[in-house]
Structure formats: structure tokens, C-alpha cells
Amino acid sequence: MSMFHRQAGRYVAVFAVDEVRVLRKVASEVVGLLTDGFDHTDPVVGRLFPAVYPKDAPDTAEFRRYTEGDLKTAKIDQAGAILAALPDEASGEVRLDAEAAEAWLRALNDARLAMGVRLEIKDGTDLGEELDDAVAEDPGSSRVFQLSVYAYLGYLQESLLNALID
């Protein structure tokens, strides 16, 4: 698995072809969710754009009216930063400056939040236990794959964060 490290003022990782494919798919799905599939009734959208005033729907709607477009554009741009930096369907090195690294962190966070909602992962969920249970039930299931991707994104996010603070 890839791990980011600092090298000559950049944040560098080498990705295998399978990692590139997974990251491209995840980033593309986030972009799709925020463009074609944008729906406030979707719990994922609710997680990415939470109500600022949960007990005051009119104030929340007013706040969204002024901020949502810019926030949505920023989230799309951040996912686009992942797509732009990755090699095209091949293994290869990714070199990020500080701004791109921060965009990656935010995009990875958005992807994990979205996946967490779909996978019903809560604050107290033990991911290792969840994955073990899914493997015991059906090792070839899509849930096993999705939980593995979720864990990988967390690992990658932590790796990049550690490189940034070192």
C-alpha cells in the first residue's frame, strides 16, 4: 500500500495500478454525487452538507442559499485534485504541493464520510470487527470490498496527514 512521505518540499507516494483505479473511481463517484446525483434527501448529501441550524429549517435553507454553491464547487475541485494528480490507469508516482495535499485530505475525508453513511459506520464502529464479520459472512461480497476501500482511504488520509505535520 502506498504511503505518503515528504521529499524536497512535496508530498510523494507511489501507487499501484489497483490503487489508482480505486482512487479514480472513488473521486469520480464523489463528483457524480455532487453534480448529477445531488439530492438533499440523500443521507450522504446530508452528511456532506449538514444543517447549520438543525432546529431551524428556514434559517438553514437561507444559509444554504448563500453558501452551498461555493461549498459544492470546492468539494468537486478537491475530488478533481485527486483525479488530476493520479496517473492514467497505470501505476506511478504522485507528487503534491501543500495546496494539493490539503485538497486531497479534504476529498479523502468527503469520500470516507460518504462511504461511512452508505456502510452505516457509526462513531463507535470497530472497523476491524466489521470487516471480520463481513469476511466471515461472505469473503467475496461487495461489503468486504467497500469496507476495505473505506479502511484504505483512512490509511491514505492518515499517511498524508502525517507527512504534512512531519
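Now for a quick tour of the structure. (Residues numbered from 1 in each chain as written. Predicted model: local features only at pLDDT ≥ 70, side-chain atom pairs only at ≥ 80, totals over all residues. Heavy atoms only, no water.)

1. Comments concerning the sheet that holds strand S2 (residues 10–15)
Spatial strand order, S1-S2-S3: three strands in an open sheet with antiparallel pairing. With partners counted over all chains shown, the strands left at the sheet margins are strand S1 (5–7) and strand S3 (92–96), one partner each. Neighbouring strand axes in the sheet, compared pairwise and without regard to direction, differ in orientation by 40 degrees on average. Across five bridges, the pairing between S2 and S3 is antiparallel. Each residue of the ladder has a partner; that of Val12, found in S3, is Arg95. (Pairing = 2+ DSSP bridges. Helix = DSSP H or I, 4+ residues; strand = E, 2+ residues; numbered from the N terminus. Axes fitted to C-alpha atoms, helices over the stretch in contact; angles between N-to-C directions.)

2. A few points about the packing of helix H5 (residues 127–137) against helix H6 (residues 142–165)
Two elements in contact, H5 and H6, have axes whose closest approach is 9 Å; the angle formed by their N-to-C orientations is 160 degrees. Classified by the angle between their axes, H5 and H6 sit roughly antiparallel to one another. In this structure, the crossing between H5 and H6 has a hand that is left-handed. Counting all contacts with H5, which are made through Leu127, Glu130, Leu131, Ala134 and Val135, the residues of H6 involved are Arg143, Val144, Leu147, Ser148, Tyr150 and Ala151. Grouping the amino acids of the contact of H5 with H6 by side-chain chemistry returns eight nonpolar, one polar and two charged. (Parallel < 35°, antiparallel > 145°, perpendicular 65-115°, else oblique. Left-handed = near helix turned anticlockwise from the far one by under 90°. Contact = heavy atoms within 4.5 Å. Nonpolar A, V, L, I, M, F, W, Y, C, P; charged D, E, K, R; others polar.)

3. Examining helix H4 (residues 98–118)
In a regular helix each residue adds 1.5 Å, so 21 residues correspond to 30 Å; H4 covers 30 Å between its end C-alpha atoms and thus fits that length. In this structure, the buried residues of H4 make contact with S2, helix H1 (17–34), helix H2 (43–48), helix H3 (57–85), S3 and H6. With a side-chain oxygen lying 3.2 Å from the backbone nitrogen of Glu99, the N-terminal cap of H4 falls on Asp97. Positive phi appears at Glu120, one or two residues downstream of H4, with a value of about 60 degrees. (Expected span 1.5 Å × (residues − 1). Polar contact = N/O pair within 3.5 Å; in protein donor to acceptor, adjacent residues only side chain to side chain.)

4. Thoughts on the nonpolar core
The biggest cluster of nonpolar side chains holds 45 residues, and the ones touching the most others in it are Phe4, Phe15, Leu23, Trp104, Leu153 and Leu160. Of all elements in the fold, only S2, H1, H2, H3, S3, H4 and H6 reach the threshold of two or more residues within this core. The element that contributes the greatest number of residues to this core is H6, accounting for 10 residues. Setting aside residues up to four positions removed in sequence, Leu153 forms contacts with Leu23, Val26, Leu108, Ala111, Arg112 and Met115. (Core = buried A, V, L, I, M, F, W, Y, C linked by side-chain atoms within 4.5 Å. Buried < 20%, exposed > 50% of the residue type's maximum accessible area, 1.4 Å probe, protein only.)

5. Topic: the pattern of salt bridges
Here the structure, examined in full by the defined rule, presents 12 salt bridges. Note that Glu130 is salt-bridged to Arg143, the shortest N-O span being 2.5 Å. Residue Glu130 is found in helix H5, and its partner Arg143 is found in helix H6; the two are separated by 13 residues along the sequence. What makes Glu130 partly exposed here is its relative accessible area of 26%. Shared partners join several salt bridges into a network, and the residues in it are Asp18, Arg21 and Glu89. (Salt bridge = Lys/Arg side-chain N within 4 Å of Asp/Glu carboxyl O.)

6. Quick notes on the environment of Pro139
Mapping Pro139 onto the fold places it in the loop between H5 and H6. Between the alpha carbons of Pro139 and Ala84 there is a distance of 33 Å; along the sequence they are 55 residues apart. Setting aside residues up to four positions removed in sequence, Pro139 forms contacts with Ala134 and Val144.

7. A closer look at the packing of aromatic side chains
Within this structure, the stated rule accounts for five aromatic pairs. Centre to centre, the rings of Phe4 and Trp104 are 5.7 Å apart; their planes meet at 80 degrees, and the pair counts as edge-to-face. Placement of the pair is Phe4 in the segment before S1 and Trp104 in helix H4, with a sequence separation of 100 residues. According to the relative accessible area criterion, Phe4 is buried, its value standing at 5%. Taken together, Phe4, Phe15 and Trp104 form an aromatic cluster joined through their ring pairs. Stacked on the ring of Phe49, the Lys or Arg Lys75 has its end atom at 5.7 Å from the ring centre. (Phe/Tyr/Trp six-rings, centres within 6.5 Å; stacked < 30°, edge-to-face > 60°. Lys NZ or Arg CZ within 6 Å of the ring centre and 35° of its normal.)

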